[in-house]
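# A structural walkthrough
Residues per chain are reported as follows:
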Amino acid sequence: MISRRRLVLASAIVAGGVAIGYRAMPRGNLPRKLPDSIPLAPGEVALTPYVVVDARGIAIIAPRAEMGQGIHTTLAALVAEELDVELAAVRVIHGPASEHYANEFMFGKRKFPDRVHRKPAQATIAQSSIRDAFVKMRRAGAAARHVLIQAAAARLGLEPDTLRTASGVVIAPDGQRLSYESLAEQASTSPVPQDLPLKPTAEWRLLGRSLPRVDMVAKCTGTAEYAMDVALPNLVFAAVKRNPSIDAPVVSMDASKAERMRGVERVVPIRDGAIVIATNTWYAMQAAERIQFEWASADYPDHIDGHREELQRALDREPYFVALDRGNVEAAPGPSAVTITGAYSVPYLSHATMEPLNATAWYREGRLDVWAGNQAPTLARRVAMRASGLERDQVHVHTTYMGGGFGRRFELYEVKEAVIAAMAMKGRPVRLTYSREEDLTHDAYRPMAAAEFRASVRDGVPVMLDLKLSSASLYGSGRRREHIVLNEPDKGTPRKDTHITMGATEQPYRISNHRVRAYLAERPLPVGWWRSVGESQNAYFMESIVDEIAVASGSDPLEMRLSMLEHEPSRAVLNAVAELSDWGRKLPRGHGRGLAYCLSSDAATAQIVEVRADREGVRLVRAWAAVDVGIALDPGNLESQVQGSLMFGLSAAIFGEVNVADGAVQERNFDTYPLLQMHHAPHVDVAILESGEEIFGAGECATATAAPALGNAIFAATGRRIRDLPFRRHVRFV
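We now turn to the structure provided with this report.

Reading the values: rules and limits
- Residues numbered from 1 in each chain as written.
- Predicted model: local features only at pLDDT ≥ 70, side-chain atom pairs only at ≥ 80, totals over all residues.
- Heavy atoms only, no water.
- 1 Å grid on protein atoms, 1.4 Å probe; cavity = no way out; pocket = protein on both sides within 12 Å on 5 of 7 lines; lining within 4 Å.
- Points joined across faces, edges and corners; volume = space filled by probe spheres on them.
- Helix = DSSP H or I, 4+ residues; strand = E, 2+ residues; numbered from the N terminus.
- Nonpolar A, V, L, I, M, F, W, Y, C, P; charged D, E, K, R; others polar.
- Phe/Tyr/Trp six-rings, centres within 6.5 Å; stacked < 30°, edge-to-face > 60°.
- Buried < 20%, exposed > 50% of the residue type's maximum accessible area, 1.4 Å probe, protein only.
- Expected span 1.5 Å × (residues − 1).

Turning our attention to empty space enclosed by the protein. Rolling a probe over the atoms, with the probe sized like a water molecule, indicates the empty space that remains. The full count for this structure, using the stated rule, is five cavities of 30 Å³ or more. The set of elements that each furnish at least two residues to the lining of the largest cavity consists of helix H16 (635–655) and helix H17 (701–718). A breakdown of the residues in the lining of the largest cavity according to their chemical character gives seven nonpolar, four polar and one charged. If you add up the space inside the second largest cavity, you get close to 80 Å³. The class makeup of the residues in the lining of the second largest cavity is eight nonpolar, one polar and three charged.

Turning our attention to the packing of aromatic side chains. For the structure shown, the criterion picks out 15 aromatic pairs. Note on Tyr 226 and Tyr 401: the rings are 6.0 Å apart at their centroids and 50 degrees apart in plane angle, and the pair reads as tilted. Placement of the pair is Tyr 226 in the loop between helix H5 (216–221) and strand E12 (236–242) and Tyr 401 in the loop between strand E21 (395–399) and helix H10 (413–424), with a sequence separation of 175 residues. When its relative accessible area of 17% is taken as the criterion, Tyr 401 is described as buried. Seen in terms of ring centroids, Tyr 540 and Phe 541 are 5.9 Å apart; in terms of plane orientation they differ by 45 degrees. Their pairing is tilted. Across the pair, exposure class does not vary: Tyr 540 and Phe 541 are buried alike. Grouping aromatic residues by their ring pairs yields a cluster made of Tyr 344, Phe 453, Tyr 540, Phe 541 and Phe 727.

In this section: helix H1 (residues 71–83). Relative to the 18 Å expected for 13 residues at 1.5 Å per residue, H1 spans 19 Å between its end C-alpha atoms, a close match to the ideal helical length. For H1, the buried fraction is high: 13 of the 13 residues fall into the buried class. Positioned one or two residues after H1, Asp 84 has a phi angle of 65 degrees, which is positive.

Structure below.
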């Protein structure tokens, strides 16, 4: 019987296997020791690590970050489908920090077959949540249903196969009904086979339908709990002030004026600034501005021009690595071929989440609790352990809702600083909140990147493409390696960073002579994962170049792409978006359409943007997108994800840029880092396609195709090819 306060997870769903009531070795490379636990309140019983039952009913643990993408709804539906419960009848909660909830799709052998020193992480990343959960969370539901039926059979003295389930009850042949809650404690002792059969698609009741979001009522009524909503006794508040030159240390500090200000409790020095703790957030932020600092200089160029120059210098050095080398790009293309050359560039980008970074920490009696919206609870725990000096079982991470992530909430500096503040205020909880200015000027930015290309087309067919890509490594800065060590096979030795070519080498275009080389830029701003990662710049480069090739050959951009692709899902999304938009019809004067395609984390994606250009400027008229998700578990939510990622990509392409002067980031708030507004936003139509048995994500793919589709549309409307972003530098948007 599992009724003690904490359930040690010897009963686990690991690597797609099911074990309840006995120890099973994981399939794959998860550690054999799994010491984490689910905290259980009195009267709670855990049937699997994903299903907890008490007198209030059933709770489903959805161990991925909910940041507006609706993931808790779909994850819960995976379990509820096999458990035979209604989604509206269950509570959905985020799981504790535990390797039991590791994202094995991203960090298992499938992704890193040569890895030995891998640390599994519980991470919400790269459109992978459903791909990781699709089998194992359904098996968790099937396992819980199995043991509940076994318990009912034992209680009633019947054979299990004479019983059925519906809406959270086990039903006997005579109509007698036993609720899951009444059977839970007895069920928790029952063994279960490893590989229970799962429902065939034809029997799905929840999956494959558009479901109401489980978080929507709480968010609409203001009752959803974010980290800034956590109510704790005797709470104090903190703000941080750091060197405007990111990561550079403090030379000297005089906090005497700040310490005398109203409400200030304490000023805590840190390497690159100070944390001010006060009786409210406003007092803390105001006091932080009164501290007198002497700052050290940045290690990167002190003006944005120096960063651009470094990208160009990198292109003149030896390649960092050759990502693709097919045929012979140096061979003469022939006398009838047309050869074009060009260069593209993109700026640094901020994540600019609506909710500023924040975290709440409370140290008392040898226990540290941290409440934070984060994308990797096991990493957050590791950061908190380092900052506090505490052991693993003393640190407890509570993952709340978050107002946007996009990769930003992997960096976890807010967790580190909240813990430092809590350790300085032992016994009192501390809520640390970044000002918008601190948030935007100390981000881990989307890298600045540059591309040079040479391409040849003969008789309407591309015969050669030589592409050089220059960018910083996402693993390169010490700031990132302090926390993000997931991708290092050996401590201190970063992996080759294939993000530099991500989105340029995986595309299934048939070009007989095709080379892609990566060049490593040095001394950048701190950079990190940003929505769609390398695809965000490389899809812009690739799809703009493909459009240039089509223009040079006099080909229709759609027909050229279809002629180059042998990948059927890719052809299908191109045909679908063409049909959705009525591609090829005559457009009104001044209108232009642009097409872009990308295989984004295996999800074939196509997008068309239509613009109108006149003397007032350029207006976004309409956009269409088609995405092959493999299996559409929740079509309505998938459509929303595609629309959101498309708008995110358009916003960045039109407005987004981060500049540096005197070592400091200049974009400090939304007046200088503007976002897409409603009057700019086009109407968006989405087609969701299904190609087979495998699941693909949809949360980032339309971000990758937004910039090239818009750039190609502007060219079609104006004849002007824009090769460096943001577009607002070159045209006015109305």
